[in-house]
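# An overview of the molecular structure
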Amino acid sequence: MRIIFFKKELCISFKGFLGKLARNFKISFRKNPPFFISYFILGTLLIWMCIIPGFLSLENLYILLHRIVQLGLVSMGMTLVIITGGIDLSVGSVLALTCSLTGYFQHWGTWYGYIGQGSFIAPEPVILLMILGAGGIVGILNGFASGIGIPDFAVTLGTMIGIRGAAYAITGGMKTFGLGPMTNNIAKGSIGNVPYVFFMFVAILIFISVFERKTAMGKSIYAIGENPRVAKLSGISYLKTKMMVYIISGVLAGMAGWTLAGRLDTGDPKVGVGLELDAIAAVIIGGTNLYGGFGGVEYTIPGVLIIILARNLMALYGVSSNVRSIEIALLLLVFLVLQRLFRRK
Amino acid sequence: MQDHLCELKGIYKDYAATPALKNVDFHIDRKEICTLLGKNGAGKSTLIKIISGAISPTKGEMYFKGKKVNVFNTKNAFEQGISVLYQELYLLPNLTVQENIFAGRLPIKNGMVNYKRMKEEARRILESLNINIDPDTYIAQLSTVEKQLVSVATAISRKAELFVFDEPSSILSMKELQVFYKSIRKLKEMGKGIIYVTHSLEEIPVIADRVVILRDGVKVVDDSLENIKIDDIEVSITGKSKKDKVRKKEIAITEKGRLKVELKSICFRNLLEDINLNFYENLVYCIYGLEGSGKKILGKILFGDLKPTRGIIKIDGKVIRLNSPSDGIHNGVGYMVDERANEGLLLNKNISDNIILPCFEKVKGKIFLDYKKIDKLVYKRIDEIGIFPPRASIIVNELSGGNQQKVLLGKWLEIGFILVLVDPTRGLDIETNRKVIELIRRFRKGRVTIVIPSEIEDGLAMSDWIVILHNGKVVKNEEITSKTNKRELLKLAGLEF
């Protein structure tokens, strides 16, 4: 008797638990359907990948995580910019600039092409700060221009071209090999095959997702995205908020550039072409509203994973890299159609 | 069936089990203007939506021009000749008047647009309506009333027979309304049927042939104007006898507080000239003037949204520079806008987010927002103001117009010791209107409240002091007493009778 009673109770509590879970799921689904759609597709991709030989190899995982960090950092900044109703096309160029500057500063004052450690600004933490500062300065430019009312698209299109040009001009279009020990150890090193930078990425992710929900600045970002006029009449500074998100975006892109330089052990001005478009795609797949006012960093992460995994999957199947972009386009199309079908009412 | 232009029989409409319309019969003839009255949520908009085909009734029949309507959709209704003119107009601002009138079916000759014919026809239609607009002007250059009239002309050119106007009086000024009425009467002479939805009782004797009143989804009055007393209408709308009406005098006795705000020789371009005003605490001020008198500009200057070209603003005896709305907010100025959807509220955010928007400083912890403080503050406001339903997590878009207005007021109560309220009773029904007036009276303690109404009755009902502006100058600045004469004030404001 006792056992049966116990079982019954267990049954009820289990049912209650499931019901609660289902209800929570339903509420969250109604809140942001694309988010759940993206999780569904992500799950399918993961299962698919596990049955392909090569995916679970240690080397592949290491590179995969590195790529996720790189695109993830850029996409997080992009998400915040898009929530304010803007768009940041300059992130790919900032990544290239900071990547090449990492090498350039390391060999500051030495002859191009000569590989040696002759930098005048040697301490590497200083180099890192300067690189993040460079990203921040681009952010200030973008933020100021869009804050005084120039369309974001036009502003960042300008900086996208200009900063890429600056990266080429500074390095003379050449790669710089051989970075310092700190960059090599931190950006390249890993625990098992989870790179250090991945932990850094997770920390930043948690920080920003708390920042956007729980602080006054975060709330202002959403307010400005939904209706800039209402926000202005409620005493929220448009310029300040725009500057803030663009600086965050620039610094995160700088960070991504630094990790890329560290992984390749090279400063290269040719990296990150089209990265901004991948980042925008990741944001859209996550379900952040392109017109602003709705979304969040945590929504974007599945988008990032999907893009990286889909590219990796193609690579493992041996599909030519010339064809891989088509697949991303198809994915984006599927998401947009699904978002349309399940859009919030 | 032949005698009515449009007839609805035994209409029921349920929204998710709550009935919006219960057994409503309604008809409209040619050459008739029928005013439709009722509170917010009485079922007016549901009825209009059924006529326009936007929704289909749960039960009941509709006949148009003697034929039964089987399919309810807007396109069908539009092609049949039913035209609904909402407050937001669907005109293309960067095209000319004639292009708007013929949008989608421009007259073509040899594969090119036949501008000559289009202009002729546009002019003919405009003249038939007594509208004096050049068909070549761009829509963006027109005033609100002209835009309304152009959309009427558009409907006529599409052979519309039944016109539904959705509260045009709430967006038009008194002068504009006179022009508007003329065109509506022309429409009537042309043999069209007109349904005119309104909140303002004063319009009824001017415009109506027949009055229909809905209350809680039931038709309570349907009679021609001669058989109705205007005083009874108000009772029929609210369902309460007149004794319930809150008289201003009962809550009026106000002690004048200390001097809070001084304006000294404020000028703004050529729109405001040498404004000198003093505002005392505990009093409610009404600043009235016609459109273009500069009353709204004065409000914006007080808030910091516009910078005066000359002059000094003193708050608590200190000279203050207001360069932006955030400066105004730091100095305790709250500014309640009239365009609540475009400028006042974040419609897709919840009540709580909207209320704390201007006062982040007050609910901030060390780094993060303090959610306990937020909840306390928001629920305090919800209780005080009586927002229904009283839940902070409700999206503002889902609230009724009256409740949205209350949220907008609640947003400013925490920080606003100088409240500038632009048209706080806009688009509200009689009962909600009264509630908002009561609220404003209740919260006047320790505050300077400056009301900038569009209609002087509302302003007089809630204020202790009246300031009248005419062409950017103060022409009257005195206390409101029982002797205050509305007609005289209107005359001073520049209205001609």
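Only a predicted model underlies this, so the values are computations on that prediction, with no experimental measurement involved. (Residues numbered from 1 in each chain as written. Chains lettered and ligands numbered in written order. Predicted model: local features only at pLDDT ≥ 70, side-chain atom pairs only at ≥ 80, totals over all residues.)

### Considering the overall build of chain A
Convention followed: By definition, any uninterrupted DSSP run of H or I lasting at least four residues is a helix, any uninterrupted run of E lasting at least two residues is a strand, and each is numbered from the N terminus. The burial criterion counts other C-beta atoms lying within 10 Å of a residue's C-beta, which is placed from the backbone; the residue is buried at 20 or more, exposed at 12 or fewer, and partly exposed between these limits.
In terms of regular secondary structure, chain A is built from 14 helices and four strands. Within chain A, the proportion of its 345 residues that are buried is 46%.

### Things to note about the overall build of chain B
Convention followed: Whether two residues are in contact is decided by their C-beta atoms, placed from the backbone, lying within 7 Å.
When its secondary structure is counted, chain B shows 17 helices and 22 strands. The principal-axis extent of the C-alpha atoms belonging to chain B is close to 70 × 55 × 55 Å. Taking all 497 residues of chain B together, the buried fraction comes to 42%. The contacts of chain B with a sequence gap of at least 6 include a subset with a gap of at least 24, amounting to 68%.

### Some details on the nonpolar core
The test is simple: To define a nonpolar core, we join buried Ala, Val, Leu, Ile, Met, Phe, Trp, Tyr and Cys residues through C-beta atoms within 7 Å and take the resulting set.
Formed by 149 residues in total, the largest nonpolar core has its most connected members in Val74(A), Leu95(A), Met336(B), Val420(B) and Ile450(B). Top contributing element to this core by residue count: helix α11 (residues 238-264) of chain A, with 13 residues. When near neighbours in sequence (up to four residues on either side) are disregarded, Val420(B) contacts Gly299(B), Leu302(B), Phe303(B), Val333(B), Gly334(B), Tyr335(B), Met336(B) and Ile450(B). Counting 60 residues, the second-largest nonpolar core is a separate cluster that includes Ile101(B), Val150(B), Phe165(B) and Ile430(B).

### Some details on unusual backbone geometry
Residue and element names in this part refer to chain B. Backbone geometry at Lys65 places phi at a positive 50°, although glycine is not the residue there. Of note, Lys65 is situated in the loop between β4 (59-64) and β5 (67-68). Take Lys65: there are 17 C-beta atoms within 10 Å of it, and that puts it in the partly exposed class. Phi at Asp216 takes a positive value of approximately 50°, unusual for a residue other than glycine.

### Observations regarding the confidence of the model for chain B
All names here are of chain B. Inclusion rule: The pLDDT value expresses, per residue, how confident the predictor is, ranging between 0 and 100.
Looking at chain B, the pLDDT average stands at 85 and 95% of residues meet or exceed 70. Ignoring residues within four places in sequence, the model shows residues 243-247, a span with pLDDT below 50, making two contacts including any to other chains. Prediction confidence for the complex, expressed as pTM and ipTM, is 0.79 and 0.79 respectively.

### As for the pairing of strand β16 (residues 310-315) of chain B
Residue and element names in this part refer to chain B. The criterion, for reference: Whether two strands pair comes down to DSSP finding at least two bridges between them.
Bridge count for strand β13 (residues 259-268) against β16 is five bridges, and the pairing is antiparallel. Residue pairing for β16: Cys267 is matched across the bridge by Arg310. Bridge count between β16 and strand β17 (residues 318-320): three bridges; the pairing is antiparallel. When the bridges of β17 are listed, Ile313 appears paired with Ile320. Between the end of β16 and the start of β17, which pair antiparallel, lie two residues, with Asp316 showing a positive phi angle near 55°.

### Observations concerning the interface of chain B and chain A
Cut-off, in case you're wondering: Side-chain classes are defined by residue name, with Ala, Val, Leu, Ile, Met, Phe, Trp, Tyr, Cys and Pro counting as nonpolar, Asp, Glu, Lys and Arg as charged, and the others, Gly among them, as polar.
Contact with chain B, which involves 21 residues of that partner, is made by 16 residues of chain A. At the level of secondary structure, the elements contributing two or more residues to the side of chain B that touches chain A comprise α10 (325-330) and α11 (340-344) of chain B. By residue class, the composition of the side of chain B that touches chain A is twelve nonpolar, four polar and five charged.

### Topic: the environment of Ala216(A)
Summarising the element assignment, Ala216(A) is placed in helix α9 (residues 216-226). Sequence-wise, Ala216(A) and Ile236(A) are 20 residues apart; in three dimensions their C-alpha atoms are separated by 9.8 Å. Every residue in contact with Ala216(A), bar those within four places of it in the chain, is listed here: Phe360(B), Lys364(B) and Leu369(B).

### Thoughts on the packing of helix α3 (residues 58-83) of chain A against helix α8 (residues 196-214) of chain A
Residues and elements named next belong to chain A. Spelled out, the test is: Lines fitted to the C-alpha atoms define the axes, with helices restricted to the stretch that makes contact. Angles between their N-to-C directions range from 0 to 180 degrees. Roughly parallel means an angle under 35 degrees; roughly antiparallel, over 145; roughly perpendicular, 65 to 115; everything else is oblique. The sense of a crossing depends on the near helix, which, turned anticlockwise from the far helix by less than a right angle, makes the crossing left-handed and, turned clockwise, makes it right-handed.
Running from N to C, α3 and α8 cross one another at 20°; their axes reach a closest spacing of 9 Å. Judged by the inter-axis angle, α3 sits roughly parallel to α8. α3 and α8 meet at a crossing whose hand is left-handed. Across the interface between the two elements, Leu65, Val69, Gly72, Leu73, Met76 and Leu80 of α3 pack against Val197, Phe198, Phe201, Leu205, Ile208 and Glu212 of α8. For the contact of α3 with α8, the residue count by class is ten nonpolar, one polar and one charged.

### Focus: the sheet that holds strand β12 (residues 218-224) of chain B
Residues and elements named next belong to chain B. Reading across from one edge, β6-β9-β10-β3-β11-β12 is the order of the six strands in this open sheet, with mixed pairing throughout. Edge strands, defined here as strands with exactly one partner in the open sheet, are β6 (82-85) and β12. Put simply, the sheet's adjacent strands are angled 15° from each other on average, direction ignored. Sheet analysis places strand β11 (residues 210-215) next to β12, joined by six bridges and oriented antiparallel. Counterpart to Ile213 in the pairing with β12 is Val221. In this fold helix α6 (residues 174-189) packs onto β3 (32-37), β9 (162-166) and β10 (193-197), with an angle of close to 150° to the strand it touches most, β10.

### Observations concerning the domain arrangement of chain B
Residue and element names in this part refer to chain B. Convention followed: An automatic or database domain assignment is the source of the domain bounds shown.
Here the domain parsing of chain B yields domain 1 (6-244) and domain 2 (250-493). Here domain 1 and domain 2 have C-alpha centroids that lie 33 Å from each other. Opposite the eleven residues of domain 1 that make contact, domain 2 presents twelve residues. Examining the composition of the side of domain 1 that touches domain 2, we find that three residues originate from one element, helix α8 (residues 230-238), more than from any other.

### Description of α9(A)
With nine of its eleven residues buried, α9(A) lies for the most part within the structure. Contact partners of the buried residues in α9(A): α3, α8, α10 (228-233) and α11 of chain A together with α12 (351-356) of chain B.

### Some details on the sheet that holds β17(B)
All names here are of chain B. Spatially, four strands are ordered β14-β13-β16-β17 in an open sheet, and the strand pairing comes out antiparallel. Edge positions in the sheet fall to β14 (272-280) and β17, since each of these pairs with one other strand and no more. Adjacent strand axes in the sheet meet at a mean angle of 20°, parallel and antiparallel pairs treated alike. Pairing of β13 with β14 involves six bridges; the strand directions are antiparallel. Looking across to β14, one finds that Glu262 is bridged to Asn278.

### Looking at the environment of Phe26(B)
All names here are of chain B. Position of Phe26 relative to the elements: it lies in strand β2 (residues 18-28). Placed 15 residues apart in sequence, Phe26 and Ile11 show a C-alpha to C-alpha distance of 8.7 Å. Not counting residues within four places of it along the chain, the set of residues in contact with Phe26 comprises Leu8, Leu47 and Val212.

### Section: the environment of Val155(A)
All names here are of chain A. The residue Val155 is located in helix α6 (residues 152-171) in this model. With 25 C-beta atoms counted inside 10 Å, the residue Val155 sits in the buried group. For the pair Val155 and Thr84, spaced 71 residues apart in sequence, the C-alpha separation works out to 15 Å. With residues up to four places along the chain from it excluded, the contact list for Val155 reads Asn142, Ala145, Ser146 and Ile150.

### A word on the confidence of the model for chain A
All names here are of chain A. Residue-level pLDDT values for chain A average 84, and 86% of them are 70 or greater. Averaged pLDDT values for the elements of chain A fall to 60 in helix α1 (residues 2-31) and rise to 95 in α11. This stretch, residues 1-6, has a pLDDT under 50; its non-local contacts, to residues over four places away or in other chains, come to zero contacts.

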